[in-house]
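Secondary and tertiary structure notes
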Amino acid sequence: MSLAIEVKGLAKSYGNKTALSGIGFEVGAGSCFGLLGPNGAGKSTTMKILSGLLESDRGTVRLFGKEQRTAADDIKRIVGYVPQSITLYEKLSAYDNLVFFGEMYGVSGAELKRRIADVLERVGLADRAKEAVDRFSGGMKRRINIAAALLHRPKLLIMDEPTVGIDPQSRNHIFEMIRSLRQEGVTVLYSTHYMEEVENLCDRLAIVDRGEVIADGSLGEVLDRFGTKAVYLELEGGREAPKLPGYGEVEPKERGWLLRTDTPLESLAAWAEACKRSRLEAKRLEIVRPSLEDVFLKLTGTTLRDDG
Ligand SMILES: Nc1ncnc2c1ncn2[C@@H]1O[C@H](COP(=O)(O)OP(=O)(O)OP(=O)(O)O)[C@@H](O)[C@H]1O
């Protein structure tokens, strides 16, 4: 597999505030990679450095085999960056905003017209092209911002939390667009707080905390390696579950009880036996797959949705 992104030992401080302390990860060409992390973890800083908007203090970035420090101009041509904050001219139409961005990327004339039509179609706003952007919802503005980042047909699209605070329709358009870009071979680096987005879109992910990668791999690998396995039991009449000495602590969860354990199959069998002995009727008894939320909480001490 050829690599689109190779980041090694990347460090960055703002004054005496350390944002990145040696972050490293690799992204295969044509894949979608998710960066997950609590607020202030260093995701935006990493993405800005990769896009060439910010310089690192230490470490290396190679994009499609090119060293970023020495091939900055080449890299700008192949990277599209969608910042967290929307940057558009509110009084201009969607179309005129795209003309402005296209010319900034050095595209003009009939070619620019063609590309604007193409990107507007991709983000599902072709019919709103002539309207002033200040009449758009947050989600529509975000889609125009994404369209702007696609005008120069980048091989790598870097998106910094593109779905925060937007409507479900815009969210779906963004997901569909990412899927079709991937089919065309575009690599996507995507940061988010939403686990289900990583599950639906990304081949691999990295959990970032305090400027470092603390876990990475495919979703299955991360869950297997860091997730706590558990067994869930729910009894008829909402009755209390029997204790299971030697297998772990039983704690209340939803309408039943949860037992965290390294041996889920044995624990499940022992719990079933304990219920039988006590003549308790089980409504549900099952092994619970660890979730990314749990892994995240365990590793970072915060929840994924801590938008604070
Ligand atoms: N321009 C800046 N000046 C000073 N400190 C900064 C600046 N930008 C970021 N930081 C700090 O660097 C750290 C990393 O910030 P960064 O924005 O990269 O994190 P993040 O993971 O993208 O967070 P969020 O999810 O809130 O966007 C944070 O502690 C942040 O406060």
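As annotated in an unreviewed UniProt entry, the chain carries the name ABC transporter ATP-binding protein and is attributed to Cohnella fermenti. Its UniProt record gives the chain the following Sequence similarities (unreviewed entry) comment, quoted word for word: "Belongs to the ABC transporter superfamily."

**Quick word on the overall build of the chain**
Counting its secondary structure elements, the chain contains ten helices and 14 strands. Overall, the chain is about 80 × 45 × 40 Å in size when its C-alpha atoms are taken along their principal axes. Looking at the chain as a whole, 36% of its 308 residues are labelled buried. At a minimum sequence separation of 6, the contacts of the chain that also span at least 24 residues come to 69%.

**Side note on the site of the ligand**
Inspection of the region around the ligand gives Y14, K17, A19, G37, N39, G40, A41, G42, K43, S44, T45 and Q84 as its neighbouring residues. Looking at the shell around the ligand, the elements that each hand over two or more residues are strand 2 (17–28) and helix 1 (43–50). In terms of residue count, the dominant contributor to the shell around the ligand is helix 1 (three residues). Split into classes, the residues belonging to the shell around the ligand amount to three nonpolar, seven polar and two charged.

**A look at helix 5 (residues 138–150)**
In this model, helix 5 (13 residues) spans 19 Å end to end at C-alpha, consistent with the 18 Å of a helix rising 1.5 Å per residue. Here helix 5 lies mainly inside the structure; eleven of its 13 residues are buried. Listing the buried residues of helix 5 in full gives M140, K141, R142, R143, I144, N145, I146, A147, A148, A149 and L150. For helix 5, the secondary structure elements touched by its buried residues are strand 6 (79–82), helix 3 (94–104), helix 4 (109–122), strand 7 (156–160) and helix 6 (168–183).

**Things to note about the nonpolar core**
Counting 65 residues, the largest nonpolar core has L98, A147, I158, L189 and Y190 as the members making the most contacts within it. Among the elements that make up this core, the one with the highest residue count is helix 5 (seven residues). Y190 has contacts with C32, F33, G34, L35, M159, L201 and C202, leaving out every residue within four places of it along the chain. Counting residues in hydrophobic clusters, the runner-up holds ten residues, among them A230, L235, L259 and W271.

**A closer look at the domain arrangement of the chain**
Domain annotation of the chain identifies domain 1 (3–224) and domain 2 (229–289). On a C-alpha basis, the centres of domain 1 and domain 2 stand 44 Å from each other.

**Observations concerning the sheet that holds strand 3 (residues 32–36)**
Taken in spatial order, the six strands of this open sheet run 6-7-8-3-9-10, and their pairing is mixed. Each edge of the sheet is formed by a strand with only one pairing partner; in this case those strands are strand 6 and strand 10 (212–217). Here the strands of the sheet are splayed against their neighbours by 15° on average, with no regard to which way each runs. Pairing between strand 6 and strand 7: four bridges, direction parallel.

**Topic: the confidence of the model for the chain**
On average, residues of the chain carry a pLDDT of 92, and 98% of them reach 70 or more. In the predicted assembly, ipTM is 0.96 and pTM is 0.87.

**Here's the deal with the UniProt feature "domain: ABC transporter" (unreviewed entry) in the chain**
Under the UniProt annotation, the feature "domain: ABC transporter" (unreviewed entry) is placed at residues 5–235. Helix makes up 36% of residues 5–235 and strand 29%, with an end-to-end C-alpha separation of 50 Å.

**Focus: helix 1**
For helix 1, the buried fraction is high: eight of the eight residues fall into the buried class. Backbone geometry just after helix 1 places G52 at a positive phi near 85°.

**A word on the sheet that holds strand 14 (residues 282–288)**
The four strands are arranged 12-13-11-14 in an open sheet whose pairing can be described as antiparallel. Unpaired on one side and paired on the other, strand 12 (250–253) and strand 14 mark the two borders of the sheet. Adjacent strand axes in the sheet meet at a mean angle of 25° when their direction is disregarded. Two elements, strand 11 (residues 230–235) and strand 14, share six bridges in a ladder whose sense is antiparallel. Each bridged residue has a counterpart across the sheet, and for E234 the counterpart in strand 14 is R284.

**A look at the environment of E55**
Looking at where E55 falls in the secondary structure, it is placed in the loop between helix 1 and strand 4 (58–63). C-alpha separation for the pair E55 and V213, spaced 158 residues apart in sequence, amounts to 19 Å.

**Considerations on the environment of R58**
Considering the arrangement of structural elements, one finds R58 in strand 4. Distance from R58 to I287, taken between C-alpha atoms, is 45 Å for residues 229 residues apart in sequence. Ignoring sequence-local partners within four residues, the contact set of R58 consists of G9 and A11.

**Some words on unusual backbone geometry**
Not every positive phi belongs to a glycine, and E161 is a case in point at roughly 45°. Checked against the element boundaries, E161 lands in the loop between strand 7 and helix 6. Unusually for a residue other than glycine, R210 sits at a positive phi of about 50°. Within the secondary structure, R210 is located in the loop between strand 9 (204–209) and strand 10.

Cut-off values and rules
- Residues numbered from 1 in each chain as written.
- Predicted model: local features only at pLDDT ≥ 70, side-chain atom pairs only at ≥ 80, totals over all residues.
- UniProt positions renumbered as here; feature names shortened; annotations may be inferred.
- Helix = DSSP H or I, 4+ residues; strand = E, 2+ residues; numbered from the N terminus.
- Buried ≥ 20, exposed ≤ 12 C-beta atoms within 10 Å, placed from the backbone.
- Contact = placed C-beta atoms within 7 Å.
- Near = placed C-beta within 6 Å.
- Nonpolar A, V, L, I, M, F, W, Y, C, P; charged D, E, K, R; others polar.
- Expected span 1.5 Å × (residues − 1).
- Core = buried A, V, L, I, M, F, W, Y, C linked by C-beta atoms within 7 Å.
- Domains from an automatic or database assignment.
- Pairing = 2+ DSSP bridges.
- Axes fitted to C-alpha atoms, helices over the stretch in contact; angles between N-to-C directions.
- pLDDT = per-residue confidence, 0-100.

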